[in-house]
Structures are given as structure tokens and as C-alpha cells.
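# Summary of structural features
So the chains spell out like this:
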Amino acid sequence: MTNLKLTPLAALHRDLGAKMTAFAGYQMPVQYKNGIIHEHLHCRSQAGFFDISHMGQCRIFGDRAAAALDKLTPGGIAELALGQQKYTVLTNAAGGVIDDIIVTRVTDGVGIIVNAGCKDKDFAYLRERLPADCRFEAFTDRALLALQGPGAAAVMAKFSGEAAALNFLQVCETSVAGVTCSVSRSGYTGEDGFEISLPAADAERVAKLLLAEDGVEPIGLGARDTLRLEAGLCLYGHELNETITPIEAGLNWIFKKGHTDFPGAETILAQRQNAAGRRRVGLLVEGKIPVRDGAILLDSAGREVGIVTSGSFSPTLNRPIAMALIDRALTAAGTRLNAVVRNSAIELTVCPLPFVPHRYHKLAR
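Summary of the structure given here. (Residues numbered from 1 in each chain as written. Predicted model: local features only at pLDDT ≥ 70, side-chain atom pairs only at ≥ 80, totals over all residues. Heavy atoms only, no water.)

### Observations regarding the overall build of the chain
- Counting secondary structure elements, the chain contains nine helices and 20 strands.
- Compactness check: the chain gives a C-alpha radius of gyration of 20 Å against a globular reference of 21 Å for 365 residues, within 12% of the reference.
- By residue count, 56% of the 365 residues in the chain fall in the buried class.
- Long-range pairs, those at least 24 residues apart, make up 64% of the contacts in the chain between residues at least 6 apart in sequence.
- Carbon and sulfur atoms form 51% of the exposed surface of the chain, whose accessible area is close to 15,500 Å².
- Each charge class in the chain can be summarised by its mean position, and for the 38 positive and 38 negative side chains these summaries are 3 Å apart. (Helix = DSSP H or I, 4+ residues; strand = E, 2+ residues; numbered from the N terminus. Rg over C-alpha atoms; globule rule 2.2 N^0.38 Å. Buried < 20%, exposed > 50% of the residue type's maximum accessible area, 1.4 Å probe, protein only. Contact = heavy atoms within 4.5 Å. Areas by Shrake-Rupley, 256 points an atom, 1.4 Å probe, with all protein chains shown as cover. Lys, Arg positive; Asp, Glu negative; His and termini not counted. Charge placed at Lys NZ, Arg CZ, Asp CG, Glu CD.)

Right, dumping it as C-alpha cells:
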């Protein structure tokens with residue numbers, strides 16, 4: 001733990017009684033005093049505060065920044081309106097995923113948020129692949145906070161009416177407690193909420209003000225993971241990696257129609273047209289024993305048909321759940337499979353995703 005990087009809120013986490021763990025090269029809170037299940041249910045019912053400052057923040061400057069990023073992703077970046085976000089992926093030449101990212105269209109180019117464990121390779125890749133008329137800059141002096149849950153909008157309204165009025169995947173520059181911030185209506189829990197990018201020097205003061213609001217509690221990595229699993233959202237290194245294509249991961253919706261000029265397009269678009277040989281699915285686990293990532297899945301004849309990519313206990317459903325990559329022929333809801341756990345077979349049933357409905361703030365157009 002002594003060689004790990006610290007976020008600007010490291011001292012605050014200790015003051016709040018967090019149990020710390022190593023994650024993506026950082027010392028991060030895995031849970032606080034009340035535990036993961038309490039934190040999870042609190043975020044689903046009120047408002048949870050997350051420190052996600054370990055994630056990478058960068059910007060590509062230039063008039064052709066969006067067009068240049070289109071050539072490294074499945075597209076749709078250049079069509080974004082100012083202040084609009086898009087979830088997408090960086091793909092490699094084999095069709096695998098280098099990372100999943102959030103892109104924001106800004107006046108001087110595009111802003112990007114990348115995963116903590118991927119940011120060094122992502123930043124190097126972008127610097128190498130961008131054209132000469134685009135300038136890349138990594139932001140090392142900014143923090144990133146998240147406020148998630150059904151009570152998040154009411155809390156945000158006390159600090160910024162402009163931010164509270166955003167629609168899902170919209171962004172604004174605003175002031176929060178006198179600090180100039182970039183606030184997006186987004187997050188990775190399946191709940192309505194906000195992510196706040198701000199100077200690292202101001203992060204602790206703003207965090208304390210948010211945590212002082214009624215109904216707001218700190219949430220660690222443990223509950224962050226169970227929340228995103230219930231929401232059926234991919235986690236890099238599990239449902240996504242450099243050998244899993246976005247089609248196999250079930251991300252067909254991120255593609256711009258007719259876009260063919262990006263790394264791995266031949267492989268990926270062939271899978272999109274003909275259906276990939278394996279697909280990501282949800283699994284309901286029989287009994288109380290969670291089935292963890294890496295567990296092998298068998299069909300009724302005992303043949304190996306897939307692998308669990310994420311698995312945990314669902315506090316909302318009060319049962320174990322999992323996601324997996326399995327053979328396409330077995331992806332229909334209701335299909336019964338078995339997982340091998342400690343030399344025992346545990347029954348699972350394929351189910352639709354997400355496990356818990358999303359509650360993003362989407363206004364009718």
C-alpha cells in the first residue's frame with residue numbers, strides 16, 4: 001500500500017473510517033463503516049458519494065479532434081452537440097477493446113474519461129494515433145467525484161440549478177460551492193446522478209459539502225461494483241478486454257450506421273452482420289453461493305460453453321447474479337447452465353440485462 005498513488009481525498013477517506021485497498025495503482029476505499037450492502041442499498045434509495053479521481057481525464061484539442069477520434073472508435077463523435085456525451089470504445093486492429101471511454105464534445109475539441117487501469121496505455125495510444133493538427137493533453141491536476149441515486153438531483157440543485165437541469169449524458173460548465181466545475185449527468189450505477197470534474201485542490205472542500213447534505217453517504221469500490229453489475233454494465237478487464245469485441249460484449253448500440261473506418265472494423269462489422277459466436281448475458285444463480293469471474297460454464301451435456309466475467313451477491317434482488325460470455329446458441333432467456341465452483345455444479349439461468357432497471361434522467365424529445 002505504501003507505493004500506491006493517492007487521490008486528493010485520501011485523508012478524507014481515512015477520516016470517514018474507510019477500509020482501503022489497492023486498485024489500479026491507487027489506494028482506494030473499498031467500503032466504509034456500515035459495509036457494502038448498506039452502501040449499495042443507500043445509493044439505490046437515497047444518494048451515494050463516490051471518489052473516482054483515479055480515473056484518467058484528458059482532452060484532444062483542435063477543429064478536427066472529434067473527426068480524429070471517430071477514426072479510433074465505432075463513430076458518432078463528430079455528430080455530438082456541444083455539451084453532449086457518448087459512451088464508446090477504443091478498438092484494436094483485431095477488433096478487441098483497448099478501453100471503454102466517455103467522450104464529451106467541448107468548444108475546443110473533445111474531453112475523454114478513461115479507466116484508471118488503462119490510462120497510461122490509452123494516453124500513449126492517443127498521442128501516437130492522433131494527427132498532427134490535434135493536440136493531446138492529460139489532466140493530472142483534476143479530481144472526479146460522483147453523486148448517484150434518486151436523491152442526487154435534489155442535492156445538486158442546492159449547488160447548481162444549471163447542473164440539476166441537465167438531461168442524461170449532457171454536460172455543463174458551472175460553479176459548485178464557488179468552484180468552477182464540469183458537471184455531467186451520468187454515472188455507472190444505473191441510477192440518476194452526476195459526475196463532477198474539478199481542480200484537485202478544491203476536491204476535499206466540495207466533497208465535504210456534498211457529504212454534509214441529508215441523505216448523502218460515502219460509497220466505496222465494493223458497492224460501486226455491485227451497483228454496476230446489477231445495472232448490467234461492462235467492467236474493463238472482465239466483460240471487455242483486448243480479445244473481446246464490442247459485439248461480443250453486447251455493445252451494438254454504440255455504432256454509427258455506415259461507419260467502417262476504425263481499427264478492427266472488418267472483424268467487428270462481420271460479427272455485427274452475421275452475429276458473433278459468443279455473447280454477453282445475465283445469469284441468475286440458484287442458491288446463495290455467488291459464482292465469481294473465471295468460473296467455467298457447462299451446458300446440460302457437460303460441454304464447456306462459456307465463462308463468467310463478473311459475479312457477486314445482488315443486495316437489491318437478495319440473490320447471487322453474474323454476467324458471462326457464452327456460446328450464441330445458448331443466449332435465450334431461460335436457458336439453464338451449470339457453473340463449476342470448487343468442484344461442485346451450481347445451476348444458473350440466462351436472463352435479460354439489466355438485472356435492475358436503469359433510472360437515468362431522460363426527458364422525452
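Okay, back to it.
### Thoughts on the side chain of Arg280
- Topologically, Arg280 is positioned in strand 15 (residues 278-285).
- Buried Arg280, no salt bridge; nearest opposite-charge side chain is Glu239, N-O distance 6.3 Å.
- A distance of 2.9 Å separates a polar side-chain atom of Arg280 from the backbone oxygen of Gly232.
- A polar side-chain atom of Arg280 sits 2.6 Å from the main-chain carbonyl oxygen of Ala249. (Salt bridge = Lys/Arg side-chain N within 4 Å of Asp/Glu carboxyl O. Polar contact = N/O pair within 3.5 Å; in protein donor to acceptor, adjacent residues only side chain to side chain.)

### Here we look at the environment of Ala177
- With respect to the element layout, Ala177 can be found in the loop between strand 11 (171-176) and strand 12 (179-184).
- Once the C-alpha coordinates of Ala177 and Thr140 are considered, the two residues, 37 residues apart in sequence, prove to be 22 Å apart.

### Some remarks on the pairing of strand 20 (residues 344-351)
- Pairing between strand 15 and strand 20: four bridges, direction antiparallel. Counted as the bridge partner of Leu284 is Thr349 from strand 20.
- The turn linking strand 19 (residues 336-341) back onto strand 20 is made up of two residues, and Arg342 within it adopts a positive phi angle of 50 degrees. (Pairing = 2+ DSSP bridges.)

### Observations regarding the sheet that holds strand 1 (residues 5-6)
- Taken in spatial order, the three strands line up as 1-3-2 in an open sheet, and their pairing is mixed. A single partner strand is all that each edge strand has here, and the edge strands are strand 1 and strand 2 (19-23).
- Helix 8 (residues 221-230) rests against strand 2 and strand 3 (26-31) of the sheet, and its axis sits at about 70 degrees to strand 3. (Axes fitted to C-alpha atoms, helices over the stretch in contact; angles between N-to-C directions.)

### Quick word on the pattern of salt bridges
- Tallied over the entire structure, the rule returns 18 salt bridges.
- Between Asp108 and Arg59 there is a salt bridge whose closest N-O contact spans 3.5 Å. Residue Asp108 is located in the loop between strand 7 (97-106) and strand 8 (109-114), and its partner Arg59 is located in strand 5 (residues 56-61); the two are separated by 49 residues in the primary sequence.
- Accessibility expressed as a relative area gives 32% for Asp108, which makes it partly exposed.
- Between Glu204 and Lys208 there is a salt bridge, with the nearest N and O atoms lying 3.0 Å from each other. Residue Glu204 and its partner Lys208 are located together in helix 7 (residues 203-211), separated by four residues, close to a single helical turn.
- Relative accessible area serves as the criterion here: at 26%, Glu204 is assigned to the partly exposed category.

### As for the packing of aromatic side chains
- Tallying each qualifying case throughout the model produces five aromatic pairs.
- Ring geometry for Tyr87 versus Trp253: centroids 5.7 Å apart, planes at 25 degrees, classification stacked. Of this pair, Tyr87 sits in strand 6 (residues 85-91) while Trp253 sits in the loop between helix 8 and helix 9 (265-274), and the two are 166 residues apart along the sequence.
- A relative accessible area of 56% places Trp253 in the exposed class.
- Positioned over the ring face of Phe61 is Arg135, at 4.2 Å from the centre of the ring. (Phe/Tyr/Trp six-rings, centres within 6.5 Å; stacked < 30°, edge-to-face > 60°. Lys NZ or Arg CZ within 6 Å of the ring centre and 35° of its normal.)

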